[in-house]
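Structure assessment
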Amino acid sequence: MTTTDEEDRIRRRPDDEDADIYDEDGNVRSDFLALVGAAIADRDTLFLRQNVARLHESEIGDLLESIQPDQRLALVRLLGDDFDMTALTEVDEAIRREIVDQMPNAQIAAAIGELDSDDAVYILEDLDKEDREEILAQLPFTERVRLRRALDYPESSAGRRMQTEFVAVPPFWTVGQTIDYMRDEEDLPYSFSQIFVIDPTFKLLGAVDLDQILRTKRQTKIEQIMRETNHPVPAEMDQEEAAQLFEQYDLLSAAVVDENGRLVGVLTIDDVVDVIHEEADEDIKRLGGVGDEELSDNVLSTVRSRFLWLLINLGTAMLSASVIGLFDASIEKMIALAVLMPIVASMGGNAGTQTMTVTVRALATRDLDIYNAGRIIRREAGVGILNGIVFATIMGAIAGTWFHDYQLGGVIAAAMIINLIAAALAGILLPLLLDKMGADPAIASSVFVTTVTDCTGFFAFLGIATWWFGI
């Protein structure tokens, strides 16, 4: 097979450990994608093992998302045992399911056995129960028990996110015994920063940082240097709450305990970063009414995820239209009202969305609660009044000059003030109310805030105009 100089250069890249597969914009380079595609088509396993298998798991994940759908499974099959299954934790759920569903359970089981438990659970939880049990049955007993216990915890809980590999020692051991144990024991986590102290029933007593171990003499007992564990995380705790603990107390890792206080795992900062990213991504999507949609989803699944909220939006739009219908005679007599009324509604909608976005995020991060809600509501009302006055002045002057009728400018100015105040209050009160009722404000707030601002804007503007001009 003939190659260009550029192809030869990239094919020699295994010797260049610093070679970058990304372009200046952070996307996978098009020339590299072309070469990978050609290698898949030619079944060039040598090139793929030298240039793809060596990549970091996150880079392989980006590559899988960048190549064509029909190339993904072919790439995994050609790499065989050299494919790093951890890369599947770095891709969209739809892509992960697509690849895993086509892989033999025996191959998945063999790969799962090489993964950290948290990564293994991340892949197993997407499988059908029958396939999951078949894969677990092929794993060693101890590993099978650990993974089943993690899978028994609720979805999106700390127990699902935890790593079940950790180092734990009794309090009566000396520092020397602990160091010798870590040197001799082969079945230790790949990376860890804490050693946990437990009693014979595995109840968590405390923890010791590795740097403390290194600075202490060998004959010193562990119980003399251990400290209380920093904020142990209950296994049933929601992963978002656990992430907030890490943020609040600047943790790098935290022990995960069951309902009896027994050590069952450890939550690490790399998993928490993933949680923060996922939760932020989820909130943004819910604000837009697109649910759990991924870029890799097909047309039908995307339509299904968006249909419900578009249907609700249609209903609320009809409600707004009915408000306009109340003043159809006024609009027929004064065409300027039809020209100007979308401005009032649009300004209110944008102002309400600003307040709503800040409120929903504050609720998600627990910065907004019952103790400071009153102060924040007063602040937003003040913002609505001041913005209303400023933009009412601007829009009133524009409308008066545009239609040579400064009474009309005064009408739209009054409506603008009313709607911006209503937008500010709706933007904070509706998410608070939905949160109090147990609904997710990120999902429902947008539709209701928009409805309030549209209806208020139309009613205020058309109502004041009808009254003032007697039409």
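Residues numbered from 1 in each chain as written. Predicted model: local features only at pLDDT ≥ 70, side-chain atom pairs only at ≥ 80, totals over all residues. Heavy atoms only, no water.

**A short note on the overall build of the protein chain**
To keep things clear, this is the line we draw: Where helices and strands are cited, they refer to DSSP runs of H or I of at least four residues and of E of at least two residues respectively, numbered from the N terminus. Restricting the calculation to C-alpha atoms gives the radius of gyration, and the globule rule supplies 2.2 Å times the number of residues raised to the power 0.38. Buried means the residue's accessible area, taken with a 1.4 Å probe over protein chains only, is under 20% of the maximum for its type, while exposed means over 50%, and partly exposed covers the values in between. Here, two residues are considered to be in contact whenever any of their heavy atoms come within 4.5 Å of each other. What sets the accessible areas is the Shrake-Rupley method with a 1.4 Å probe; for residues, cover comes only from the shown protein chains. Working convention for charge: Lys and Arg count positive, Asp and Glu count negative, and His plus the chain ends are omitted. Taken as the charge location is NZ of Lys, CZ of Arg, CG of Asp or CD of Glu.
Within the protein chain, the secondary structure is distributed over 22 helices and six strands. The C-alpha atoms of the protein chain give 30 Å as radius of gyration, which overshoots the globular expectation for 471 residues (23 Å, by more than 25%). C-alpha extents for the protein chain along the principal axes are approximately 90 × 70 × 40 Å. Relative to its 471 residues, the protein chain shows a buried fraction of 46%. Sequence-distant contacts, at least 24 apart, represent 65% of the contacts inside the protein chain between residues at least 6 apart. With an accessible surface of roughly 24,800 Å², the protein chain has 55% of that area assigned to carbon and sulfur atoms. Computing the positive centroid from 39 side-chain charges and the negative centroid from 82, the protein chain places the two 4 Å apart.

**Notes on the domain arrangement of the protein chain**
Under the convention used in this document: As annotated, the domain borders come from an automatic or database domain assignment.
Per the domain assignment, the segments making up the protein chain are domain 1 (28-158), domain 2 (166-285) and domain 3 (297-467). For domain 1 versus domain 3, the separation of C-alpha centres amounts to 47 Å.

**Structural notes on the sheet that holds strand E4 (residues 233-234)**
Paired through their backbone hydrogen bonds, the strands of a sheet run either parallel or antiparallel. The criterion, for reference: The pairing criterion is simple: DSSP has to find at least two bridges between the two strands. To obtain an axis, a line is fitted to C-alpha atoms, over the contacting stretch when the element is a helix, and the angle between two such axes runs from 0 to 180 degrees between their N-to-C directions.
Reading across from one edge, E4-E5-E6 is the order of the three strands in this open sheet, with mixed pairing throughout. The open sheet terminates on both sides in strands that have one partner only, identified here as E4 and strand E6 (263-268). Pairing of strand E5 (residues 253-257) with E6 involves five bridges; the strand directions are antiparallel. Bridging from a neighbouring strand, Ala255 pairs with Val266 of E6. Sheet strands touched by helix H15 (residues 239-249): E4, E5 and E6. Its angle to E6, the strand with the most contacts, is close to 65°.

**Here we look at the pattern of salt bridges**
Stated formally: When a carboxyl oxygen of Asp or Glu lies within 4 Å of a side-chain nitrogen of Lys or Arg, that pair is called a salt bridge.
Inspection of every chain in the model, using the stated rule, returns 13 salt bridges. Note that Asp82 is salt-bridged to Arg49, the shortest N-O span being 3.0 Å. Placement of the pair is Asp82 in the loop between helix H5 (69-79) and helix H6 (93-101) and Arg49 in helix H3 (residues 45-51), with a sequence separation of 33 residues. Judged by its relative accessible area of 42%, Arg49 falls in the partly exposed class. The salt bridge partner of Asp180 is Arg218, with a shortest N-O separation of 2.9 Å. A residue pair is termed long-range when its members are at least 10 positions apart, and Asp180 in helix H12 (residues 175-184) and Arg218 in the loop between helix H13 (210-214) and helix H14 (222-225) qualify at 38 residues. For Asp180, a relative accessible area of 30% puts it in the partly exposed group. Looking at Arg218, the relative accessible area reads 42%, which means it is partly exposed.

**Things to note about the UniProt feature "domain: CBS" (unreviewed entry) in the protein chain**
Which entries qualify depends on this criterion: UniProt positions are given in the numbering used here, feature names are shortened, and annotations may be inferred rather than shown by experiment.
Mapped onto this structure's residue numbering, the UniProt feature "domain: CBS" (unreviewed entry) falls at residues 226-282. Note that residues 226-282 is 44% helix and 23% strand, and that its end C-alpha atoms are spaced 39 Å apart.

**Looking at the UniProt feature "transmembrane region" (unreviewed entry) in the protein chain**
Look at the UniProt record and you will see "transmembrane region" (unreviewed entry) annotated at residues 307-327, 385-404, 410-434 and 446-469. The span residues 410-434 is 100% helical and 0% strand by assignment, and the distance between its end C-alpha atoms comes to 36 Å.

**A short note on the side chain of Asn105**
Relative to the helices and strands, Asn105 resides in helix H7 (residues 105-112). By relative accessible area, which is 14% here, Asn105 ends up buried. The residues touching Asn105, leaving out its near neighbours within four places in the chain, are Asp131, Glu134, Ile135 and Gln138.

**Considerations on unusual backbone geometry**
Despite not being glycine, Ser156 shows a phi value in the positive range, around 65°. Within the fold, Ser156 resides in the loop between helix H10 (141-152) and helix H11 (158-161). Within the chain, Asp250 stands out as a residue other than glycine whose phi angle is a positive 55°. Within the secondary structure layout, Asp250 lies in the loop between H15 and E5. Look at Asp250 and you get exposed, because its relative accessible area is 66%.

**Thoughts on the side chain of Glu143**
Mapping Glu143 onto the fold places it in helix H10. Arg146 provides the closest opposite charge to the buried, salt-bridge-free Glu143, at an N-O distance of 5.4 Å. Non-local contacts of Glu143, meaning those with residues more than four positions away in its chain, are made with Ile112 and Gly113.

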